[in-house]
Amino acid sequence: MQEEPAREQDHATAPEVSAPSSSLLDELGRLVGAVRRLFGAQLHLLAAELGLARSAVSWLLVAALVATVAGVALGLTLLGLVGVLLATWFHSWIWALLVLALLQALLLAGAIGLFRRCMHWMSLPATRYEWGAMMRETLHRAEREVDSGTAGEDKP
């Protein structure tokens, strides 16, 4: 019986081994909880940003559609105004419409000619060589940046 009070006294004065591990587990638990909250907040922020981006793309498409419609409407209005001015000048709607049709045909032919000329310039050997050289240089620059970035990560 005397040994039991001595053992209890030894246990009371001796440091408990389970207490530090318990506080360590508590700290680790708090750390894990904090990391979860941090990444949860980051994921929530990312989801909100993606939602805004999706909304921005939708509004961007709507704005592009409105700008296109407004541009076409302005073009038709100006074309009608030119038609009225030509009709008053020629004193005939038929001549005014014929001149407008001729002007539009010339504008269309000019646009087609410019497009064909630009396509021809792109197909020239010198242009193809310059384009290829520019693409190769861009590729080599990107590879050098990737190599220098991975070399920098290896160093402490």
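Residues numbered from 1 in each chain as written. Predicted model: local features only at pLDDT ≥ 70, side-chain atom pairs only at ≥ 80, totals over all residues. Heavy atoms only, no water.

**Student:** Please clarify how the overall build of the chain should be interpreted in this entry.
**Tutor:** Broken down by element type, the chain carries 4 helices and 0 strands. Here the chain holds 156 residues, and 5% of them are scored as buried. Total accessible area on the chain stands at roughly 13,900 Å², and carbon and sulfur atoms take up 71% of it. (Helix = DSSP H or I, 4+ residues; strand = E, 2+ residues; numbered from the N terminus. Buried < 20%, exposed > 50% of the residue type's maximum accessible area, 1.4 Å probe, protein only. Areas by Shrake-Rupley, 256 points an atom, 1.4 Å probe, with all protein chains shown as cover.)

**Student:** Please explain the pattern of salt bridges as it appears in this structure.
**Tutor:** When the charged atoms of two side chains with opposite charge come close together, those side chains can pair. Taken as a whole and judged by the stated rule, the model has 3 salt bridges. Between arginine 141 and glutamate 137 there is a salt bridge, and its shortest N-O distance comes to 4.0 Å. You can see arginine 141 and its partner glutamate 137 sitting in helix H4 (residues 125-154), 4 residues apart, about one turn around the helix. Classification of glutamate 137 as partly exposed rests on a relative accessible area of 35%. The closest approach of N and O atoms between arginine 144 and glutamate 137, which form a salt bridge, is 3.5 Å. Connected through salt bridges with shared partners, the residues Glu137, Arg141 and Arg144 form a single ionic network. (Salt bridge = Lys/Arg side-chain N within 4 Å of Asp/Glu carboxyl O.)

**Student:** Explain helix H3 (residues 93-123) here, please?
**Tutor:** Residues spaced three or four apart along an α-helix face the same direction, because each turn holds 3.6 residues. Here H3 is 31 residues long and its end C-alpha atoms lie 45 Å apart, about the 45 Å a rise of 1.5 Å per residue gives. The opening residue of H3 is serine 92, an N-cap whose side-chain oxygen sits 3.4 Å from the backbone nitrogen of isoleucine 94. (Expected span 1.5 Å × (residues − 1). Polar contact = N/O pair within 3.5 Å; in protein donor to acceptor, adjacent residues only side chain to side chain.)

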